[in-house]
Amino acid sequence: MEPMPKQLKILNWLTIALVAAGLYLAIWYAPREAIMGEVQRVFYFHVAAGWVGALAFLVAALSGALFLIRRERRWDRVAMSSVEIGVVFTFINIVSGSIWARPIWNTWWTWDPRLVTATVMALVYLAYIMLRQSVDDPDRRARFAAVYSILGFISVPLTFLSIRIFRSIHPVVFGAGDALSSGMSSPRMQVAFFFSLLTFSFIYGTLLWHRLRLQHLSEKLEIQKMKMLSAEN
Amino acid sequence: MNPIDAPVDTLSYMVLGYAVILGCVVLYIASLALRFRHLRRELEVAEAIERDNADEANG
């Protein structure tokens, strides 16, 4: 396996620096929210985690489409890697939202449209991972997964728009009309928020690169094992 | 300030929230590292077996 590229090492350190800066902005720089108190600070990383989930599933859908068109294995690799990261960050989004909800809504969970659709989205892509593991033939696996990732993406805009389509107690951040309704009444909050989105985008990019290397290694091992099996036969 | 008007103390939930977020990211990175190490070892073993078989075949 090739050693870690220099660009990836630089990206690692850059991402760590951005995370440190993002934490500073979210925990110290942004002002304390008047009604919710300190727990509101979870909002910056909670939304950013949700953003990474949506971005990852979009990349997976696009990669799936590119695989079906070009039949190049690397697009399947990108899709698989992206979905895994997306599932992890969607889980982080849901759990951090639950922690925020406990003191504010006085409950860990409620059958709110946003919470339900986000959970369904996570389960849809968890099923993608399980689907891949159930198919042995690499070509069939890649084709099934590609179609699934495209169809599964329907859950992403549904989750985003759920608070606009259905009656929901979940706050509306984008398109709220005014800064106060979005929960970002202060310019410092907006700086912390958008910086968190940038930071998590870098986290996604870095993790995707690492995960792609892992997937490449996994496929290399699979090919090696198949060579050994055919040599025995 | 009237206690009833004071903001709710939610610091512990903030700490829990960030601990969970950062903890999950660190756990995922650790799982990537462990899987990488495991796969690399398996690949080295498989390549060694192939080399041994090739040597045996060549006699």
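Here, the structure is the one placed above.
Turning our eyes to something else, we now look at the overall build of chain A. Helices and strands together make up the secondary structure of chain A, namely eight helices and zero strands. Here chain A holds 233 residues, and 39% of them are scored as buried. A separation threshold of at least 6 residues defines the contact pool for chain A, and within that pool the share at least 24 residues apart is 77%.

Our next topic: unusual backbone geometry. Backbone phi values are negative for most residues with the exception of glycine, while trans is the configuration of most peptide bonds. All names here are of chain A. With phi around 60°, Arg71 is a residue other than glycine that occupies positive phi space. Phi angles above zero are rare outside glycine, and Asn106 is one such case at about 65°. Among the secondary structure elements, Asn106 is positioned in the loop between α3 (73-105) and α4 (113-134). Judged by local crowding, Asn106 falls into the exposed class, with 8 C-beta atoms found within 10 Å.

Moving on, we come to the nonpolar core. Of all hydrophobic cores here, the largest spans 60 residues; its most connected members are Val52(A), Ala56(A), Phe57(A), Ala79(A) and Val83(A). Going through the elements one at a time, α1 (6-29), α2 (42-70), α3, α4, α5 (138-152) and α8 (187-232) of chain A together with α1 (11-58) of chain B are the ones with two or more residues in this core. Sequence-distant contacts of Phe57(A), that is, excluding residues within four places in its chain, are made with Val83(A), Gly86(A), Tyr125(A), Phe153(A) and Val156(A).

Note: interface size is frequently given as the accessible area lost on complex formation between the parts. Each partner contributes to the interface: chain A provides 32 residues, whereas chain B provides 26 residues. Elements with a minimum of two residues in the side of chain A that touches chain B: α2, α3 and α8 of chain A. The residue inventory of the side of chain A that touches chain B, partitioned by class, reads 20 nonpolar, five polar and seven charged.

A word on the packing of α3(A) against α8(A). Residue and element names in this part refer to chain A. Packing of α3 against α8 leaves a shortest axis separation of 9 Å and a crossing angle of 125°. By the angle class used here, α3 and α8 are oblique. Of the two elements, α3 crosses α8, and the hand of that crossing is right-handed. Contact with α3, carried on its side by Arg77, Val78, Met80, Ser81, Ser82, Glu84 and Ile85, involves Tyr204, Leu207, Leu208, Arg211, Leu212, Gln215 and His216 of α8 and no other residues of that element. Tallied by class, residues from the contact of α3 with α8 come to seven nonpolar, four polar and three charged.

The rules behind these values
Residues numbered from 1 in each chain as written. Chains lettered and ligands numbered in written order. Predicted model: local features only at pLDDT ≥ 70, side-chain atom pairs only at ≥ 80, totals over all residues. Helix = DSSP H or I, 4+ residues; strand = E, 2+ residues; numbered from the N terminus. Buried ≥ 20, exposed ≤ 12 C-beta atoms within 10 Å, placed from the backbone. Contact = placed C-beta atoms within 7 Å. Core = buried A, V, L, I, M, F, W, Y, C linked by C-beta atoms within 7 Å. Nonpolar A, V, L, I, M, F, W, Y, C, P; charged D, E, K, R; others polar. Axes fitted to C-alpha atoms, helices over the stretch in contact; angles between N-to-C directions. Parallel < 35°, antiparallel > 145°, perpendicular 65-115°, else oblique. Left-handed = near helix turned anticlockwise from the far one by under 90°.

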